[in-house]
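Topology and contacts: notes
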Amino acid sequence: MIVIEGCAIATVDDARREIDSGHIVVEGGRITAIGSGAAPAEVRANATRRIDAPGRLATPGLVNCHHHLYQHATRGYAQEATLFEWLVALYPVWQHIDDATVAAAARAGLAQLARSGCTTSTDHHYIFPKHAGDLLQVEIDAARAIGIRFHPCRGAMDLGKSAGGLPPDDVVEDRDAILAACAEAIDRHHDPSPGAHVRIALAPTSPFSVTGELMAETAALARARGVRLHTHLAETDDEEKFCLEHFGVRPLDYLDGLGWLGEDVWLAHCVHLDHDECGRMGATGTGVAHCPTSNGRLGAGIAPVPALLAAGAPVGLGVDGAASNECGELIDELRASIVVGRAARGPRALTARDALEMATRHGARCLGRDDELGHLSVGACADIALWSLDEVGFAGMEADPVAALVFGPTRAVDTLLVGGEVVVDGGELRTADPLTLAADLRRESARMRERVEA
(Lines give C-alpha, C1' and ligand atoms only; values in the text may rest on other atoms or scores of the structure.)
Protein backbone atom coordinates (compact mmCIF):
# COMPACT_ATOMS: atom_id res chain seq x y z
CA MET A 1 0.00 0.00 0.00
CA ILE A 2 1.22 3.48 -0.94
CA VAL A 3 -0.26 6.61 0.60
CA ILE A 4 0.34 10.02 -1.01
CA GLU A 5 -0.64 12.99 1.17
CA GLY A 6 -0.56 16.76 1.26
CA CYS A 7 -0.60 17.39 -2.49
CA ALA A 8 -2.96 19.29 -4.73
CA ILE A 9 -4.86 16.83 -6.93
CA ALA A 10 -6.25 17.32 -10.44
CA THR A 11 -8.28 14.14 -10.82
CA VAL A 12 -9.58 14.67 -14.40
CA ASP A 13 -12.35 12.31 -13.25
CA ASP A 14 -15.97 12.38 -14.42
CA ALA A 15 -16.66 15.40 -12.20
CA ARG A 16 -13.28 17.02 -12.99
CA ARG A 17 -12.62 17.38 -9.25
CA GLU A 18 -9.67 19.41 -8.06
CA ILE A 19 -8.50 19.11 -4.44
CA ASP A 20 -6.35 21.79 -2.80
CA SER A 21 -4.70 19.36 -0.38
CA GLY A 22 -5.60 15.71 -0.33
CA HIS A 23 -4.57 12.08 -0.32
CA ILE A 24 -4.43 9.13 -2.72
CA VAL A 25 -4.25 5.53 -1.55
CA VAL A 26 -2.84 2.84 -3.84
CA GLU A 27 -3.10 -0.90 -3.33
CA GLY A 28 -2.75 -3.82 -5.72
CA GLY A 29 -1.88 -1.50 -8.59
CA ARG A 30 -5.19 0.40 -8.33
CA ILE A 31 -6.38 3.58 -6.66
CA THR A 32 -8.45 2.54 -3.63
CA ALA A 33 -9.18 5.95 -2.12
CA ILE A 34 -8.87 9.62 -2.99
CA GLY A 35 -10.06 12.62 -1.05
CA SER A 36 -9.39 15.83 0.81
CA GLY A 37 -7.08 16.09 3.81
CA ALA A 38 -4.97 13.31 5.26
CA ALA A 39 -5.69 9.63 4.75
CA PRO A 40 -7.46 7.88 7.67
CA ALA A 41 -5.11 6.91 10.49
CA GLU A 42 -5.65 3.17 10.03
CA VAL A 43 -4.73 3.45 6.34
CA ARG A 44 -1.59 5.41 7.12
CA ALA A 45 -0.58 2.83 9.71
CA ASN A 46 -0.78 0.02 7.14
CA ALA A 47 1.10 1.82 4.36
CA THR A 48 4.30 0.24 3.10
CA ARG A 49 5.31 3.64 1.75
CA ARG A 50 4.10 7.14 2.54
CA ILE A 51 4.84 10.04 0.23
CA ASP A 52 4.49 13.42 1.91
CA ALA A 53 3.84 15.72 -1.00
CA PRO A 54 3.18 19.34 0.00
CA GLY A 55 4.05 21.72 -2.81
CA ARG A 56 3.29 19.07 -5.40
CA LEU A 57 0.45 18.44 -7.84
CA ALA A 58 -0.85 14.94 -8.55
CA THR A 59 -2.26 14.32 -12.00
CA PRO A 60 -3.07 11.18 -13.95
CA GLY A 61 -0.03 9.83 -15.74
CA LEU A 62 0.23 11.37 -19.19
CA VAL A 63 -0.66 9.35 -22.30
CA ASN A 64 1.42 9.69 -25.46
CA CYS A 65 -0.73 9.00 -28.53
CA HIS A 66 1.83 9.12 -31.36
CA HIS A 67 5.53 8.33 -31.65
CA HIS A 68 8.21 6.76 -33.83
CA LEU A 69 10.76 5.62 -31.27
CA TYR A 70 13.39 4.44 -33.74
CA GLN A 71 13.82 8.05 -34.85
CA HIS A 72 15.70 8.89 -31.65
CA ALA A 73 18.74 7.57 -33.51
CA THR A 74 18.27 10.07 -36.38
CA ARG A 75 17.68 13.41 -34.70
CA GLY A 76 18.84 16.64 -36.29
CA TYR A 77 18.48 15.64 -39.95
CA ALA A 78 16.67 17.74 -42.61
CA GLN A 79 16.19 20.71 -40.33
CA GLU A 80 14.56 23.07 -42.86
CA ALA A 81 12.39 20.59 -44.75
CA THR A 82 8.71 20.08 -45.37
CA LEU A 83 7.27 16.69 -44.44
CA PHE A 84 7.71 15.20 -47.92
CA GLU A 85 11.24 16.63 -48.24
CA TRP A 86 12.09 15.35 -44.76
CA LEU A 87 10.79 11.86 -45.55
CA VAL A 88 12.66 11.68 -48.86
CA ALA A 89 15.85 12.66 -47.02
CA LEU A 90 15.34 10.17 -44.20
CA TYR A 91 13.92 7.05 -45.88
CA PRO A 92 17.45 6.10 -47.12
CA VAL A 93 18.78 6.60 -43.58
CA TRP A 94 16.07 4.53 -41.91
CA GLN A 95 16.60 1.57 -44.20
CA HIS A 96 19.78 0.90 -42.17
CA ILE A 97 18.09 0.47 -38.77
CA ASP A 98 18.41 -2.87 -36.99
CA ASP A 99 17.57 -4.37 -33.63
CA ALA A 100 20.51 -2.67 -31.89
CA THR A 101 19.50 0.72 -33.26
CA VAL A 102 15.86 0.31 -32.28
CA ALA A 103 16.74 -1.03 -28.82
CA ALA A 104 18.91 1.98 -27.98
CA ALA A 105 16.47 4.46 -29.49
CA ALA A 106 13.41 2.94 -27.83
CA ARG A 107 14.99 2.79 -24.38
CA ALA A 108 16.16 6.39 -24.63
CA GLY A 109 12.85 7.62 -26.02
CA LEU A 110 10.74 5.83 -23.43
CA ALA A 111 13.00 7.07 -20.65
CA GLN A 112 12.49 10.64 -21.85
CA LEU A 113 8.76 10.07 -21.86
CA ALA A 114 8.77 8.64 -18.33
CA ARG A 115 10.77 11.58 -16.98
CA SER A 116 8.22 13.89 -18.60
CA GLY A 117 5.32 12.28 -16.71
CA CYS A 118 4.19 9.73 -19.29
CA THR A 119 2.87 6.40 -17.99
CA THR A 120 1.42 5.04 -21.26
CA SER A 121 2.78 5.42 -24.78
CA THR A 122 2.02 4.13 -28.19
CA ASP A 123 4.57 3.76 -30.97
CA HIS A 124 4.04 3.60 -34.72
CA HIS A 125 6.82 1.48 -36.20
CA TYR A 126 6.65 1.02 -39.96
CA ILE A 127 10.24 0.42 -41.15
CA PHE A 128 11.18 -3.27 -41.19
CA PRO A 129 14.43 -3.83 -43.14
CA LYS A 130 15.25 -7.43 -44.00
CA HIS A 131 17.56 -9.09 -41.49
CA ALA A 132 16.99 -6.27 -38.97
CA GLY A 133 15.67 -8.60 -36.28
CA ASP A 134 12.36 -8.69 -34.43
CA LEU A 135 11.91 -4.95 -34.04
CA LEU A 136 8.46 -5.05 -32.44
CA GLN A 137 9.74 -7.41 -29.76
CA VAL A 138 12.74 -5.14 -29.19
CA GLU A 139 10.44 -2.18 -28.53
CA ILE A 140 8.20 -4.15 -26.19
CA ASP A 141 11.24 -5.32 -24.23
CA ALA A 142 12.40 -1.70 -23.95
CA ALA A 143 9.02 -0.58 -22.59
CA ARG A 144 9.01 -3.37 -20.03
CA ALA A 145 12.51 -2.39 -18.92
CA ILE A 146 11.61 1.28 -18.50
CA GLY A 147 8.34 0.34 -16.82
CA ILE A 148 5.59 2.13 -18.71
CA ARG A 149 2.49 0.78 -20.45
CA PHE A 150 2.96 0.32 -24.18
CA HIS A 151 0.62 0.20 -27.17
CA PRO A 152 2.90 -0.55 -30.14
CA CYS A 153 1.39 -0.25 -33.61
CA ARG A 154 2.48 -2.72 -36.27
CA GLY A 155 2.95 -0.22 -39.07
CA ALA A 156 3.51 -0.95 -42.74
CA MET A 157 4.17 0.50 -46.20
CA ASP A 158 3.37 -1.32 -49.45
CA LEU A 159 3.20 1.56 -51.95
CA GLY A 160 6.70 2.25 -53.25
CA LYS A 161 7.89 4.96 -55.59
CA SER A 162 7.61 2.81 -58.71
CA ALA A 163 3.89 2.33 -57.99
CA GLY A 164 3.22 6.02 -57.36
CA GLY A 165 4.04 6.22 -53.64
CA LEU A 166 6.55 8.41 -51.85
CA PRO A 167 8.90 5.86 -50.18
CA PRO A 168 11.62 4.08 -52.17
CA ASP A 169 10.78 0.53 -53.18
CA ASP A 170 13.43 -1.00 -50.92
CA VAL A 171 11.68 0.11 -47.70
CA VAL A 172 8.19 -1.23 -48.54
CA GLU A 173 6.86 -4.73 -47.83
CA ASP A 174 4.63 -7.25 -49.58
CA ARG A 175 0.97 -6.92 -48.62
CA ASP A 176 0.47 -10.57 -47.69
CA ALA A 177 3.62 -10.54 -45.57
CA ILE A 178 2.39 -7.41 -43.79
CA LEU A 179 -0.98 -8.95 -42.95
CA ALA A 180 0.67 -12.13 -41.71
CA ALA A 181 3.03 -10.08 -39.52
CA CYS A 182 0.08 -8.11 -38.14
CA ALA A 183 -1.77 -11.29 -37.19
CA GLU A 184 1.37 -12.68 -35.58
CA ALA A 185 1.88 -9.47 -33.57
CA ILE A 186 -1.64 -9.76 -32.17
CA ASP A 187 -1.16 -13.46 -31.37
CA ARG A 188 2.15 -12.92 -29.58
CA HIS A 189 1.74 -9.63 -27.81
CA HIS A 190 -1.82 -8.30 -27.47
CA ASP A 191 -3.19 -8.43 -23.93
CA PRO A 192 -6.89 -7.46 -23.74
CA SER A 193 -7.13 -8.00 -19.98
CA PRO A 194 -7.75 -5.15 -17.51
CA GLY A 195 -4.59 -3.38 -16.43
CA ALA A 196 -2.67 -4.68 -19.45
CA HIS A 197 0.83 -3.34 -20.04
CA VAL A 198 0.96 -4.26 -23.75
CA ARG A 199 -1.71 -3.94 -26.40
CA ILE A 200 -1.26 -4.04 -30.16
CA ALA A 201 -2.77 -1.77 -32.79
CA LEU A 202 -2.49 -2.04 -36.58
CA ALA A 203 -1.22 1.00 -38.46
CA PRO A 204 -0.65 1.25 -42.21
CA THR A 205 1.42 4.38 -42.46
CA SER A 206 -0.20 7.02 -44.71
CA PRO A 207 -2.22 7.56 -47.92
CA PHE A 208 0.99 8.22 -49.86
CA SER A 209 2.81 5.06 -48.72
CA VAL A 210 0.05 2.42 -48.51
CA THR A 211 -2.39 0.94 -51.02
CA GLY A 212 -6.12 1.17 -50.50
CA GLU A 213 -6.26 -2.61 -50.52
CA LEU A 214 -3.92 -2.84 -47.54
CA MET A 215 -5.88 -0.18 -45.68
CA ALA A 216 -9.16 -2.05 -46.16
CA GLU A 217 -7.74 -5.49 -45.38
CA THR A 218 -5.98 -4.19 -42.28
CA ALA A 219 -9.23 -2.67 -41.01
CA ALA A 220 -11.02 -5.97 -41.52
CA LEU A 221 -8.27 -7.88 -39.69
CA ALA A 222 -8.18 -5.43 -36.78
CA ARG A 223 -11.93 -5.55 -36.27
CA ALA A 224 -12.03 -9.32 -36.51
CA ARG A 225 -9.36 -9.52 -33.82
CA GLY A 226 -10.60 -6.68 -31.59
CA VAL A 227 -7.62 -4.33 -31.87
CA ARG A 228 -7.45 -0.66 -32.74
CA LEU A 229 -6.43 1.14 -35.92
CA HIS A 230 -4.03 4.05 -36.39
CA THR A 231 -2.54 6.00 -39.29
CA HIS A 232 -1.35 9.48 -40.32
CA LEU A 233 -3.89 11.76 -41.94
CA ALA A 234 -4.22 15.32 -43.25
CA GLU A 235 -0.80 16.33 -41.98
CA THR A 236 0.23 18.64 -44.83
CA ASP A 237 -0.94 20.42 -47.97
CA ASP A 238 1.25 18.02 -49.98
CA GLU A 239 -0.74 15.06 -48.65
CA GLU A 240 -4.00 16.74 -49.60
CA LYS A 241 -2.70 17.36 -53.13
CA PHE A 242 -1.58 13.71 -53.35
CA CYS A 243 -5.03 12.45 -52.37
CA LEU A 244 -6.83 14.79 -54.79
CA GLU A 245 -4.50 13.78 -57.62
CA HIS A 246 -4.54 10.02 -56.98
CA PHE A 247 -7.97 9.40 -55.46
CA GLY A 248 -10.02 12.43 -56.47
CA VAL A 249 -11.02 13.21 -52.86
CA ARG A 250 -9.64 14.87 -49.76
CA PRO A 251 -7.76 12.70 -47.23
CA LEU A 252 -10.66 12.23 -44.80
CA ASP A 253 -13.04 11.24 -47.61
CA TYR A 254 -10.48 8.73 -48.82
CA LEU A 255 -10.18 7.17 -45.39
CA ASP A 256 -13.93 7.15 -44.86
CA GLY A 257 -14.41 5.27 -48.12
CA LEU A 258 -12.10 2.55 -46.83
CA GLY A 259 -14.06 2.10 -43.58
CA TRP A 260 -11.49 3.90 -41.48
CA LEU A 261 -13.63 6.17 -39.31
CA GLY A 262 -14.96 4.98 -35.96
CA GLU A 263 -14.41 4.76 -32.24
CA ASP A 264 -11.69 2.12 -32.74
CA VAL A 265 -9.56 4.49 -34.85
CA TRP A 266 -7.26 7.35 -33.94
CA LEU A 267 -5.43 9.45 -36.53
CA ALA A 268 -2.17 11.34 -36.19
CA HIS A 269 -2.13 15.09 -36.93
CA CYS A 270 -5.40 16.00 -38.73
CA VAL A 271 -3.99 19.47 -39.39
CA HIS A 272 -5.87 20.11 -42.63
CA LEU A 273 -9.50 19.40 -41.77
CA ASP A 274 -12.33 21.80 -42.49
CA HIS A 275 -15.25 22.49 -40.16
CA ASP A 276 -17.51 19.79 -41.65
CA GLU A 277 -14.72 17.23 -41.44
CA CYS A 278 -14.19 18.04 -37.76
CA GLY A 279 -17.89 17.37 -37.29
CA ARG A 280 -17.56 13.96 -38.96
CA MET A 281 -14.67 13.09 -36.67
CA GLY A 282 -16.83 13.88 -33.66
CA ALA A 283 -19.92 12.11 -34.99
CA THR A 284 -17.96 8.91 -35.60
CA GLY A 285 -15.92 9.12 -32.38
CA THR A 286 -12.67 8.99 -34.35
CA GLY A 287 -9.69 10.09 -32.27
CA VAL A 288 -6.86 12.48 -33.06
CA ALA A 289 -3.24 12.50 -31.90
CA HIS A 290 -2.34 16.20 -31.86
CA CYS A 291 1.42 16.75 -32.26
CA PRO A 292 1.93 20.52 -32.10
CA THR A 293 5.72 20.59 -31.77
CA SER A 294 6.31 18.24 -34.69
CA ASN A 295 3.78 20.09 -36.82
CA GLY A 296 5.63 23.32 -36.07
CA ARG A 297 9.08 21.78 -36.69
CA LEU A 298 7.97 20.70 -40.18
CA GLY A 299 5.90 23.82 -40.90
CA ALA A 300 2.84 21.64 -41.45
CA GLY A 301 0.28 23.98 -39.88
CA ILE A 302 -1.92 24.02 -36.78
CA ALA A 303 -4.63 21.42 -36.21
CA PRO A 304 -8.19 22.73 -35.60
CA VAL A 305 -8.27 21.33 -32.07
CA PRO A 306 -11.02 23.59 -30.67
CA ALA A 307 -13.36 22.56 -33.48
CA LEU A 308 -12.54 18.89 -33.00
CA LEU A 309 -13.18 19.09 -29.26
CA ALA A 310 -16.40 21.02 -29.79
CA ALA A 311 -17.55 18.27 -32.17
CA GLY A 312 -16.90 15.61 -29.51
CA ALA A 313 -13.82 13.98 -31.01
CA PRO A 314 -11.23 12.69 -28.52
CA VAL A 315 -8.01 14.65 -29.03
CA GLY A 316 -4.91 13.26 -27.34
CA LEU A 317 -1.38 14.60 -27.47
CA GLY A 318 1.68 13.05 -29.09
CA VAL A 319 5.36 13.90 -29.23
CA ASP A 320 5.71 12.28 -32.70
CA GLY A 321 9.06 10.87 -33.80
CA ALA A 322 12.24 12.45 -32.44
CA ALA A 323 13.46 13.22 -35.96
CA SER A 324 10.72 15.89 -36.13
CA ASN A 325 10.61 16.69 -32.40
CA GLU A 326 14.08 16.27 -31.05
CA CYS A 327 12.98 16.86 -27.44
CA GLY A 328 10.51 13.98 -27.21
CA GLU A 329 9.07 14.99 -23.82
CA LEU A 330 5.30 14.86 -23.47
CA ILE A 331 4.94 17.57 -20.83
CA ASP A 332 6.15 20.09 -23.43
CA GLU A 333 3.17 19.31 -25.64
CA LEU A 334 0.67 20.65 -23.09
CA ARG A 335 1.96 24.18 -23.37
CA ALA A 336 2.67 23.84 -27.09
CA SER A 337 -0.94 22.83 -27.73
CA ILE A 338 -2.22 25.96 -26.01
CA VAL A 339 0.32 28.33 -27.53
CA VAL A 340 -0.21 27.26 -31.13
CA GLY A 341 -3.96 26.87 -30.65
CA ARG A 342 -4.27 30.40 -29.34
CA ALA A 343 -1.89 31.77 -31.98
CA ALA A 344 -4.29 30.46 -34.60
CA ARG A 345 -7.63 31.04 -32.93
CA GLY A 346 -7.33 33.52 -30.09
CA PRO A 347 -6.76 33.47 -26.30
CA ARG A 348 -9.95 31.54 -25.49
CA ALA A 349 -9.26 28.71 -27.93
CA LEU A 350 -7.89 26.30 -25.29
CA THR A 351 -7.44 26.40 -21.52
CA ALA A 352 -4.85 24.88 -19.21
CA ARG A 353 -7.39 22.26 -18.20
CA ASP A 354 -8.14 21.45 -21.83
CA ALA A 355 -4.43 20.72 -22.31
CA LEU A 356 -4.26 18.49 -19.23
CA GLU A 357 -7.39 16.63 -20.28
CA MET A 358 -6.00 16.03 -23.78
CA ALA A 359 -2.76 14.68 -22.28
CA THR A 360 -4.62 12.30 -19.97
CA ARG A 361 -8.29 11.41 -20.39
CA HIS A 362 -8.53 12.09 -24.12
CA GLY A 363 -5.31 10.22 -24.80
CA ALA A 364 -6.62 7.22 -22.89
CA ARG A 365 -9.84 7.35 -24.93
CA CYS A 366 -7.85 7.36 -28.18
CA LEU A 367 -6.15 4.15 -27.05
CA GLY A 368 -9.38 2.56 -25.79
CA ARG A 369 -8.25 2.70 -22.16
CA ASP A 370 -10.42 5.48 -20.68
CA ASP A 371 -12.18 2.99 -18.39
CA GLU A 372 -9.00 2.65 -16.29
CA LEU A 373 -6.40 5.20 -17.46
CA GLY A 374 -6.28 8.96 -17.83
CA HIS A 375 -8.03 9.90 -14.57
CA LEU A 376 -7.52 9.58 -10.84
CA SER A 377 -10.58 7.67 -9.63
CA VAL A 378 -11.23 4.80 -7.24
CA GLY A 379 -10.71 1.61 -9.24
CA ALA A 380 -8.52 3.22 -11.90
CA CYS A 381 -4.99 2.01 -12.50
CA ALA A 382 -2.53 3.70 -10.16
CA ASP A 383 -0.73 5.59 -12.93
CA ILE A 384 0.10 8.81 -11.10
CA ALA A 385 2.40 11.74 -11.83
CA LEU A 386 3.54 13.99 -8.98
CA TRP A 387 4.88 17.37 -10.09
CA SER A 388 6.96 19.57 -7.78
CA LEU A 389 5.73 23.16 -7.95
CA ASP A 390 7.63 24.63 -5.00
CA GLU A 391 10.58 25.96 -7.01
CA VAL A 392 11.11 29.61 -7.86
CA GLY A 393 9.81 29.11 -11.41
CA PHE A 394 6.34 28.42 -10.02
CA ALA A 395 6.37 30.87 -7.10
CA GLY A 396 3.19 32.94 -6.89
CA MET A 397 1.13 30.46 -8.95
CA GLU A 398 0.14 28.24 -6.02
CA ALA A 399 -3.52 29.26 -6.26
CA ASP A 400 -3.83 27.44 -9.60
CA PRO A 401 -1.44 24.49 -9.75
CA VAL A 402 -2.86 23.22 -13.07
CA ALA A 403 -2.05 26.56 -14.70
CA ALA A 404 1.38 26.44 -13.05
CA LEU A 405 2.06 23.03 -14.57
CA VAL A 406 0.88 23.96 -18.06
CA PHE A 407 2.12 27.56 -18.36
CA GLY A 408 5.13 27.41 -16.03
CA PRO A 409 8.63 26.11 -16.80
CA THR A 410 8.75 22.53 -18.02
CA ARG A 411 10.66 20.11 -15.82
CA ALA A 412 10.98 16.43 -15.08
CA VAL A 413 8.22 14.80 -13.08
CA ASP A 414 9.12 14.38 -9.41
CA THR A 415 7.50 10.96 -8.86
CA LEU A 416 5.93 8.61 -11.39
CA LEU A 417 3.94 5.50 -10.53
CA VAL A 418 2.78 2.98 -13.11
CA GLY A 419 0.35 0.50 -11.62
CA GLY A 420 1.69 1.55 -8.23
CA GLU A 421 5.30 0.74 -9.20
CA VAL A 422 7.84 3.54 -8.89
CA VAL A 423 9.44 4.48 -12.22
CA VAL A 424 10.67 7.98 -11.39
CA ASP A 425 11.50 9.13 -7.85
CA GLY A 426 12.99 12.45 -6.82
CA GLY A 427 13.09 13.45 -10.48
CA GLU A 428 15.38 10.53 -11.32
CA LEU A 429 14.59 7.49 -13.46
CA ARG A 430 14.79 4.41 -11.24
CA THR A 431 14.46 1.68 -13.88
CA ALA A 432 17.53 2.37 -16.01
CA ASP A 433 20.85 4.22 -15.86
CA PRO A 434 20.56 7.47 -17.86
CA LEU A 435 24.28 7.52 -18.60
CA THR A 436 24.12 4.04 -20.12
CA LEU A 437 21.04 5.01 -22.15
CA ALA A 438 22.86 8.08 -23.48
CA ALA A 439 25.99 6.13 -24.34
CA ASP A 440 24.01 3.46 -26.19
CA LEU A 441 22.05 6.02 -28.17
CA ARG A 442 25.17 8.02 -29.00
CA ARG A 443 26.86 4.86 -30.31
CA GLU A 444 23.89 3.83 -32.46
CA SER A 445 23.33 7.33 -33.83
CA ALA A 446 26.99 7.45 -34.90
CA ARG A 447 26.69 3.99 -36.46
CA MET A 448 23.68 5.15 -38.47
CA ARG A 449 25.63 8.10 -39.85
CA GLU A 450 28.55 5.84 -40.73
CA ARG A 451 26.25 3.47 -42.62
CA VAL A 452 24.70 6.30 -44.59
CA GLU A 453 28.06 7.79 -45.48
CA ALA A 454 29.57 4.44 -46.46
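The structure under discussion appears in the preceding block.
Summarised in this report is the structure supplied together with it. Since this is a predicted model, take the numbers as computed values, not measurements.

A few words on the environment of Asp 414. Tracing the backbone shows Asp 414 in the loop between helix 14 (401-407) and strand 15 (415-418). Spatially, the C-alpha atom of Asp 414 lies 24 Å from that of His 72, the residues being 342 residues apart in sequence. Setting aside residues up to four positions removed in sequence, Asp 414 forms contacts with Arg 56, Leu 386, Trp 387, Ser 388, Val 424, Asp 425, Gly 426 and Gly 427. Separated by 2.7 Å, the side chains of Asp 414 and Arg 56 make a polar contact. A polar contact is formed between the side chain of Asp 414 and the side chain of Thr 415, at a distance of 3.0 Å.

Before going further, it helps to spend a moment on the side chain of Ser 294. Within the secondary structure, Ser 294 is located in helix 10 (residues 292-297). Within the structure, the side chain of Ser 294 is placed 2.7 Å from the side chain of Asp 320, a separation counted as a polar contact. Sequence-distant contacts of Ser 294, that is, excluding residues within four places in its chain, are made with Val 319, Asp 320, Ser 324 and Asn 325.

This model, assessed by the stated rule, comprises 32 salt bridges. The salt bridge partner of Asp 134 is Arg 188, with a shortest N-O separation of 2.8 Å. Of this pair, Asp 134 sits in the loop between strand 7 (118-125) and helix 4 (135-146) while Arg 188 sits in helix 5 (residues 175-189), and the two are 54 residues apart along the sequence. On the basis of relative accessibility, which here comes to 36%, the residue Asp 134 falls in the partly exposed class. A salt bridge links Arg 280 to Asp 253; the nearest nitrogen and oxygen atoms lie 2.8 Å apart. One end of the pair, Arg 280, is in helix 9 (residues 275-284); the other, Asp 253, is in helix 8 (residues 251-257), with 27 residues separating them in the sequence.

It is worth spelling out the packing of helix 5 against helix 6 (residues 212-225) at this point. To describe two helices that pack against each other, one gives the angle between their axes and the distance between the axes. At a closest axis distance of 11 Å, the pairing of helix 5 and helix 6 adopts a crossing angle of 20°. The orientation of helix 5 relative to helix 6 falls into the category roughly parallel. With respect to the hand of their crossing, helix 5 and helix 6 are arranged in right-handed fashion. Residues Arg 175, Ile 178, Leu 179, Cys 182, Ala 183, Ile 186 and Asp 187 of helix 5 lie in contact with helix 6, whose contacting residues are Glu 213, Leu 214, Glu 217, Thr 218, Leu 221 and Arg 225. Looking at side-chain class alone, the contact of helix 5 with helix 6 contains 7 nonpolar, 1 polar and 5 charged residues.

Judged by nonpolar contacts, the single largest core of 84 residues is most densely connected at Leu 110, Leu 202, Leu 267, Met 281 and Leu 334. Look past the residues within four positions of Leu 110 in its chain and what remains in contact with it is Leu 69, Ser 121, Glu 139, Ala 142, Ala 143, Ile 146, Ile 148 and Phe 150. Membership of the second largest hydrophobic core comes to 32 residues, among which are Ala 81, Val 93, Ala 108 and Leu 441.

So, on to the packing of aromatic side chains. The geometry of an aromatic ring pair is captured by the separation of the ring centres together with the interplanar angle, meaning the angle of the planes. With the rule as written, the count across this model stands at 8 aromatic pairs. Centre to centre, the rings of Phe 208 and Phe 242 are 6.3 Å apart; their planes meet at 75°, and the pair counts as edge-to-face. Here Phe 242 lies in helix 7 (residues 237-247) and Phe 208 lies in the loop between strand 9 (201-204) and helix 6, a separation of 34 residues in the sequence. Taken as a pair, Phe 208 and Phe 242 share a single burial class, namely buried.

Reading the values: rules and limits
Residues numbered from 1 in each chain as written. Predicted model: local features only at pLDDT ≥ 70, side-chain atom pairs only at ≥ 80, totals over all residues. Heavy atoms only, no water. Helix = DSSP H or I, 4+ residues; strand = E, 2+ residues; numbered from the N terminus. Contact = heavy atoms within 4.5 Å. Polar contact = N/O pair within 3.5 Å; in protein donor to acceptor, adjacent residues only side chain to side chain. Salt bridge = Lys/Arg side-chain N within 4 Å of Asp/Glu carboxyl O. Buried < 20%, exposed > 50% of the residue type's maximum accessible area, 1.4 Å probe, protein only. Axes fitted to C-alpha atoms, helices over the stretch in contact; angles between N-to-C directions. Parallel < 35°, antiparallel > 145°, perpendicular 65-115°, else oblique. Left-handed = near helix turned anticlockwise from the far one by under 90°. Nonpolar A, V, L, I, M, F, W, Y, C, P; charged D, E, K, R; others polar. Core = buried A, V, L, I, M, F, W, Y, C linked by side-chain atoms within 4.5 Å. Phe/Tyr/Trp six-rings, centres within 6.5 Å; stacked < 30°, edge-to-face > 60°.

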